[in-house]
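Observations on the model geometry
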Amino acid sequence: MLELEGLRKRYGDRVALDGVTFSVRPGELYGFVGTNGAGKTTTMRITLGVLEPDAGSVRFGGKPVDTATRRTFGYMPEERGLYPKMRVGDQLRYLAELHGMSRRDADQAAKYWMERLSVAERAEDRVEALSLGNQQRVQLAAALVHHPAVLVLDEPFSGLDPVGVDNLAEVLRERAAEGVPVVFSSHQLELVERLCDSIGIIYRGRMVATGTVDGLRASRAEVVLRVGTDAAPGWADALAGVQSADYGATTTLILTADADDQVILDAARALGPVREFTPLRPSLAELFREAVADHNGEGDGDGEGDGDAAGGGEGGGAGNGAGGASDGASEAPPAASTDKEGVTA
Ligand SMILES: Nc1ncnc2c1ncn2[C@@H]1O[C@H](COP(=O)(O)OP(=O)(O)OP(=O)(O)O)[C@@H](O)[C@H]1O
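Residues take numbers from 1 onward in each chain, read along the sequence in its written order. Under the rules for a predicted model, residues below a pLDDT of 70 receive no local features and side-chain atom pairs below 80 are neither given nor counted, while totals for whole chains, interfaces and linings still include all residues. For side-chain calculations, the full set of non-hydrogen atoms in the structure is used, while hydrogens and water are omitted.

Paired rings are identified among Phe, Tyr and Trp, the last through its six-membered ring, by centres lying within 6.5 Å, and are further divided according to the angle between planes into stacked (under 30 degrees), edge-to-face (over 60) and tilted (the rest). This model, assessed by the stated rule, comprises six aromatic pairs. Ring centres 4.9 Å apart and planes at 85 degrees place the aromatic pair Tyr 112 and Trp 113 in the edge-to-face group. One aromatic cluster is present, built from ring pairs that chain together Phe 22, Tyr 30 and Phe 32. The ring of Tyr 11 carries the charged tip of Lys 9 above its face, separated from the ring centre by 5.9 Å. Look at NZ for Lys and CZ for Arg. If either is within 6 Å of the ring centre and within 35 degrees of the ring normal, a charge sits over the ring.

It is worth spelling out the environment of Gly 211 at this point. Where helices and strands are cited, they refer to DSSP runs of H or I of at least four residues and of E of at least two residues respectively, numbered from the N terminus. Counting through the fold element by element, Gly 211 comes out in strand β10 (residues 206-211). Whether two residues are in contact is decided by their heavy atoms, any of which lying within 4.5 Å being enough. When near neighbours in sequence (up to four residues on either side) are disregarded, Gly 211 contacts Ser 198, Ile 199 and Leu 216.

Quick look at the side chain of His 99 now. Relative to the assigned elements, His 99 resides in the loop between α3 (88-98) and α4 (103-116). Looking at His 99, its side chain comes within polar contact range of the main-chain oxygen of Leu 95, at 3.0 Å. Polar contact is defined as a pair of N or O atoms within 3.5 Å, subject to the rule that within protein one atom must be able to donate a hydrogen and the other to accept it, and that residues adjacent in sequence are counted only when both atoms are side-chain atoms.

The next point concerns the site of the ligand. Here a residue is near a molecule or strand as soon as one of its heavy atoms is found within 4 Å of it. As a matter of local geometry, the ligand sits amid 14 residues, with Gly 37, Gly 39, Lys 40, Thr 41 and Thr 42 nearest to it. Asn 36 has a polar side-chain atom sitting 3.0 Å from an oxygen atom of the ligand. At a separation of 2.8 Å, an oxygen atom of the ligand approaches a polar side-chain atom of Lys 40. Note on areas: Shrake-Rupley, 1.4 Å probe, and residue coverage restricted to the protein chains presented here. Taken by itself the ligand offers 640 Å² of open surface, and the protein chains cover 70% of this. When contributions to the shell around the ligand are tallied by element, the ones reaching two or more residues are β2 (14-24) and α1 (40-47).

Take the UniProt feature "domain: ABC transporter" (unreviewed entry) in the protein next. UniProt positions are given in the numbering used here, feature names are shortened, and annotations may be inferred rather than shown by experiment. Per the UniProt record, "domain: ABC transporter" (unreviewed entry) is annotated on residues 2-229. Across residues 2-229, the secondary structure splits into 35% helix and 29% strand, with the terminal C-alpha atoms separated by 50 Å.

Our focus in this paragraph is the packing of α4 against helix α6 (residues 162-177). At a closest axis distance of 11 Å, the pairing of α4 and α6 adopts a crossing angle of 130 degrees. Taken together, α4 and α6 sit at an angle that is classed as oblique. Mapping the contact onto sequence places Tyr 112, Trp 113 and Arg 116 in α4 and Asn 167, Glu 170, Val 171, Glu 174 and Arg 175 in α6. By the convention adopted, Pro, Cys, Tyr, Trp, Phe, Met, Ile, Leu, Val and Ala count as nonpolar, Lys, Arg, Asp and Glu as charged, and the other residues, Gly among them, as polar. Considering only residue class, the contact of α4 with α6 consists of three nonpolar, one polar and four charged. Fitted lines through C-alpha atoms give the axes, limited to the stretch in contact for helices. The angle between two N-to-C directions lies from 0 to 180 degrees. Relative orientations are named as follows: roughly parallel for angles under 35 degrees, roughly antiparallel for angles over 145 degrees, roughly perpendicular for angles from 65 to 115 degrees, and oblique for any other angle.

Before going further, it helps to spend a moment on the sheet that holds strand β6 (residues 73-76). In a beta sheet, neighbouring strands are held together by backbone hydrogen bonds and run either parallel or antiparallel to one another. Strand order in the open sheet made by the six strands is β6-β7-β8-β3-β9-β10, with mixed pairing throughout. Every interior strand has two partners, whereas the edge strands, β6 and β10, have only one. Neighbour to neighbour, the strand axes of the sheet diverge by 15 degrees on average, direction disregarded. Any two strands with at least two DSSP bridges between them are considered paired. Bridge count for β6 against strand β7 (residues 150-153) is four bridges, and the pairing is parallel.

Salt bridges are defined as contacts in which a side-chain nitrogen from Lys or Arg sits within 4 Å of a carboxyl oxygen from Asp or Glu. In the structure shown here, the tally under the stated rule is 21 salt bridges. The salt bridge partner of Arg 175 is Glu 178, with a shortest N-O separation of 3.8 Å. For Arg 175, a relative accessible area of 3% puts it in the buried group. The exposure class assigned to Glu 178 is partly exposed, which follows from its relative accessible area of 47%. Measuring nitrogen to oxygen at the nearest pair gives 3.6 Å for the salt bridge that ties Arg 281 to Asp 214. Between buried and exposed lies partly exposed: a residue is buried under 20% and exposed over 50% of the maximum accessible area for its type, with that area taken using a 1.4 Å probe on protein chains only.

It is worth spelling out the sheet that holds strand β13 (residues 251-256) at this point. The strand order across the open sheet built from four strands is β12-β13-β11-β14, with neighbouring strands paired in antiparallel fashion. With one partner strand each, in any of the chains shown, β12 (242-247) and β14 (274-280) form the two edges of the open sheet. For this sheet the average axis-to-axis angle between neighbouring strands, irrespective of direction, equals 20 degrees. Pairing of strand β11 (residues 222-229) with β14 involves six bridges; the strand directions are antiparallel. The partner of Leu 225 across the bridge, within β14, is Pro 279. Contacts from helix α9 (residues 261-270) reach β11, β12, β13 and β14 within the one sheet, and its direction differs from that of β14 by about 160 degrees.

So, on to unusual backbone geometry. A positive phi is found at His 147, a non-glycine position, where the angle reads about 55 degrees. In this fold, His 147 is placed in the loop between α5 (132-144) and β7. Taking relative accessible area as the criterion, His 147 reaches 25% and is therefore assigned partly exposed. Phi at Glu 155 takes a positive value of approximately 50 degrees, unusual for a residue other than glycine. Relative to the helices and strands, Glu 155 resides in the loop between β7 and α6.

So this is what it looks like as structure tokens:
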């Protein structure tokens, strides 16, 4: 398990992290979302030891993370750190060797990941000659090539075409199915909702929600219900648990979380046929907006990063909830050898 506890970080006067705590279990795909400037990159840099926290700790397997442990992590930094003049294949082999793999294993792993991420035909090209999307694929290969025990990816999906997005989603599911804790940041909330087992929402350096999407839905103070009935407007006004009602072509009811929807169904049926009776499940985008709105005005108010979170995802309707582990059909990548001393990257 990867555990982040009480992380605090200031840049001068600016509080970037104000007690960030969350954990990612083995095999869990954790989506880390937040407004611009909320603290995602800072959190990830601290996790990888690129940045020192002012307070708090990062543990893996119950122990504080040290340099040797971090060498087993796979990290895709936001600033993308490839050598532009180096050829793709050489670069991946080199990075794998830096992480302690033998030359043979490094070569095998580089080939495997170039194939998997569809850049094999660019193996002999210099990184700078690749399109941005293909550079991104190479950067992902670089994070994956040493068979990491933990994956921390800063916006890994940004800049990928839809095929690349599907490809990467499958890879992340596979890594998680192998027992790797995977955490990635993204502004693509529909994708996060589809892919992730758990989600953390950060706002102004604080975690404002964390859990499964269904858990976040269940913790809401209200439930929205759509009822298709020809009953006269006002039919639901006096029912227990109805906070408000909108009588259009169908009736939309806002209920308290503890309202008994069967009582409402009985009341509607007593007035005539019920064509539709649908609890509306808020999308992650809606949950996100609510969580941020609930905490707006808190914190030190540095004025950055309000309300510009990801778009995407219309609410209502049937969300498909958290994704599960993949069926993991593809063959496993080569593992890092443990018999060779490596050099810290
Ligand atoms: N090197 C730095 N010096 C000063 N302030 C910084 C530095 N890096 C980050 N910050 C500030 O810290 C806060 C958190 O930034 P961070 O990059 O972690 O956010 P983020 O959630 O990754 O944002 P985005 O979604 O825009 O990438 C912001 O207010 C940012 O301006």
